[in-house]
Amino acid sequence: MTIIDKIKAFKQKSNLTKHEHLVLGTIEAIDDGILRRDDKMPSINLMIKESGYSRKTIYDAYEELKNRGLIESKMGKGYFVSSDQTTIIRNVALLLFTFQRFQQEFYNAFRKELGDKFRIDVYFHHNNMDVFQSILANIKSRYGYYVIAPIQDKTLVPILEQFDHKRMLIVDRYLPLDQKYSFISQEFEDSIYSKLIDLIPFIKKYKAFIMYFKPNSILPAEILHAFKRFSDKYEVNGIVEEAYPLGSVQKENLYFCVDDNTLWDLLRDASQKEYEIGKDVGVLSLDDHIVKEMIHGGITTISSDFKEMGRKAAKQIKSGTVTREFMSLSLLQRNSL
């Protein structure tokens, strides 16, 4: 028996559409071992000849099978079986920066909301352009849906716009793609600026407000813009340094640590000098973490709700709607100021 035989068997069931004949016949052929992984599918021309269905009907059925992750197209070679997991509704490629704590929170919420009928393959680009572009080239046309946390480089826009807008969602960072593309991204500048305003009574307690921000940082430049804008507007002694020199923590300073390595070094130095966090030294951090809630009576953070972002991303995939949303950051005020 062949895949064509399976499809013809479904043709006898009048309650099914031609599209369903093709999809269900292929799935049954895979389940019965008639088609195995890496086997070549009948070409569209052959399928037209053997089934009598139109080119569009067959093409649409092949696209659904691609979206489910069951087949893939190879340029100039045709369609091939890529998976035997026929109970999966859709295969999803998730491309993130790194697997840090907040990315893990995003993934766990995303995974839970999608449910068991979606398979997720996770990739990391580590903010490396060559790695990012290589991953995109390797995963293109292999998945039913793509969720991508992009590097914020506008040269990537035409590359990303090669993906079907109905099958891709941009998350975390923002890139100005065509309006038909969906995104759920963090909004940095206005959010951080407004949270700093909320903290003015605490910030004014300190002689200097110091932020460490490396040139060409992987962090959005909007964070730096918000800090400078706030310092100028409210006449705060705002100082930007490229890196934290070990052992340099001083009393009566407030430190804004936008990366966790700086935060841990500063807290260690403060402990060694027996400085009390929130009294001798102020500390503000970007991106929340359960450890930040627990240490030194709690570290104040400005952070996105990555769990909510993960849930929103999963719901967008399941609904198929267009989503264009900036998520504001939240202030989690604790004892470190």
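Summary of the structure given here. Small disclaimer: the values here were computed from a predicted structure and weren't measured.

A short note on helix α10 (residues 221–233)
- Taking 1.5 Å per residue as the helical rise, α10 with its 13 residues ought to reach 18 Å, and the 18 Å between its terminal C-alpha atoms agrees with that figure.
- Residues I223, L224, A226, F227, F230 and S231 constitute the buried set of α10. One side of α10 holds all its buried residues, which, seen down the axis, span an arc of 160°. Facing away from the buried side of α10 by over 90 degrees, the exposed positions are D232 and K233.
- Looking at the buried residues of α10, the elements they touch are α8 (189–198), α9 (200–203), β8 (208–212), β9 (238–241), β10 (253–257) and β11 (282–286).
- Just beyond α10, the residue with positive phi is E235, at close to 50°.

Some points on the nonpolar core
- In terms of nonpolar packing, the biggest core is built from 26 residues, with I192, F209, I223 and F256 touching the most fellow members.
- Those elements that place two or more of their residues in this core are α8, α9, β8, α10, β10 and β11.
- A total of five residues in this core trace back to one element, the largest contributor, which is α10.
- Excluding residues that lie within four positions of it along the chain, F209 makes contacts with L196, I203, F227, F230, V236, N237, G238, I239, L254, F256 and L284.
- Counting residues in hydrophobic clusters, the runner-up holds 23 residues, among them V92, F97, A149 and M327.

Observations regarding the pattern of salt bridges
- Scanning the entire structure with this criterion turns up 18 salt bridges.
- Between R229 and E189 there is a salt bridge, and its shortest N-O distance comes to 3.5 Å. Pair noted here: R229 is in helix α10 and E189 is in helix α8, with a separation of 40 residues, a long-range link.
- A residue is classified by how much of its surface remains accessible, and E189, at 21% relative accessible area, is partly exposed.
- With its nearest N and O atoms 3.1 Å apart, the salt bridge here joins R229 to D190. Residue R229 is located in helix α10, and its partner D190 is located in helix α8; the two are separated by 39 residues in the primary sequence.
- Its relative accessible area of 45% is what places D190 among the partly exposed residues.
- Each of E308, R311, K312 and E325 takes part in salt bridges that share partners, so that together they form one network.

Comments concerning the layout of surface pockets
- By volume, the largest pocket is sized at about 600 Å³.
- In this structure, the largest pocket is lined by 28 residues; those nearest its centre are Q100, I218, L219, D259 and D260.
- In terms of residue class, the lining of the largest pocket is built from nine nonpolar, nine polar and 10 charged.
- Roughly 400 Å³ of internal volume is contained in the second largest pocket.
- Around the second largest pocket sit 24 residues that line it, and Q152, Y174, P220, A221 and E222 are the ones nearest its centre.

Re the packing of α8 against α10
- Two elements in contact, α8 and α10, have axes whose closest approach is 8 Å; the angle formed by their N-to-C orientations is 35°. The two elements α8 and α10 meet at a crossing, and its hand is right-handed. Facing α8, whose interface residues are E189, D190, I192, Y193, L196 and I197, α10 presents E222, I223, H225, A226, F227, R229, F230 and K233.
- Looking at the contact of α8 with α10 residue by residue, the classes come out as eight nonpolar, one polar and five charged.

Details of the pairing of β8
- Of all five residues in β8, five are buried; the element is thus mostly enclosed.
- The side-chain alternation of β8 yields two buried faces, one formed by A208, I210 and Y212 and the other by F209 and M211.
- In the sheet, β8 pairs with β10 via five bridges, with the strands oriented parallel. Among the inter-strand pairings, Y212 is bridged to a residue of β10, identified as C257.
- Pairing of β8 with β9, which is carried by four bridges, proceeds in the parallel orientation. Each bridged residue has a counterpart across the sheet, and for I210 the counterpart in β9 is I239.
- Taken together, β8, α10 and β9 form a β-α-β motif whose crossover is right-handed.

Let's talk about the packing of aromatic side chains
- Within this structure, the stated rule accounts for 15 aromatic pairs.
- Seen from their ring centres, Y123 and Y143 are 6.3 Å apart, and the 85° between their planes marks the pair as edge-to-face. Linking Y123 in strand β4 (residues 118–124) with Y143 in the loop between α6 (129–139) and β5 (145–148), this pair joins segments that are 20 residues apart in sequence.
- Between F209 and F256 the ring centres are 6.3 Å apart and the planes differ by 15°, which places this aromatic pair in the stacked class. Of this pair, F209 sits in strand β8 while F256 is found in strand β10, placing the two residues 47 residues apart along the sequence. Neither F209 nor F256 differs from the other in exposure class; each is buried.
- Connected via pairs of aromatic rings, a cluster forms that spans Y193, F209, F227, F230, Y234 and F256.
- Sitting over the ring of F97, R173 keeps its end group 4.6 Å from the ring centre.
- In this structure, R229 is placed above the aromatic ring of Y193, and the distance from its NZ or CZ to the ring centre is 3.8 Å.

Parameters at a glance
- Residues numbered from 1 in each chain as written.
- Predicted model: local features only at pLDDT ≥ 70, side-chain atom pairs only at ≥ 80, totals over all residues.
- Heavy atoms only, no water.
- Helix = DSSP H or I, 4+ residues; strand = E, 2+ residues; numbered from the N terminus.
- Expected span 1.5 Å × (residues − 1).
- Buried < 20%, exposed > 50% of the residue type's maximum accessible area, 1.4 Å probe, protein only.
- Arc of directions from axis to C-beta.
- Contact = heavy atoms within 4.5 Å.
- Core = buried A, V, L, I, M, F, W, Y, C linked by side-chain atoms within 4.5 Å.
- Salt bridge = Lys/Arg side-chain N within 4 Å of Asp/Glu carboxyl O.
- 1 Å grid on protein atoms, 1.4 Å probe; cavity = no way out; pocket = protein on both sides within 12 Å on 5 of 7 lines; lining within 4 Å.
- Points joined across faces, edges and corners; volume = space filled by probe spheres on them.
- Nonpolar A, V, L, I, M, F, W, Y, C, P; charged D, E, K, R; others polar.
- Axes fitted to C-alpha atoms, helices over the stretch in contact; angles between N-to-C directions.
- Left-handed = near helix turned anticlockwise from the far one by under 90°.
- Pairing = 2+ DSSP bridges.
- Right-handed = clockwise from strand over helix to strand, strands pointing away.
- Phe/Tyr/Trp six-rings, centres within 6.5 Å; stacked < 30°, edge-to-face > 60°.
- Lys NZ or Arg CZ within 6 Å of the ring centre and 35° of its normal.

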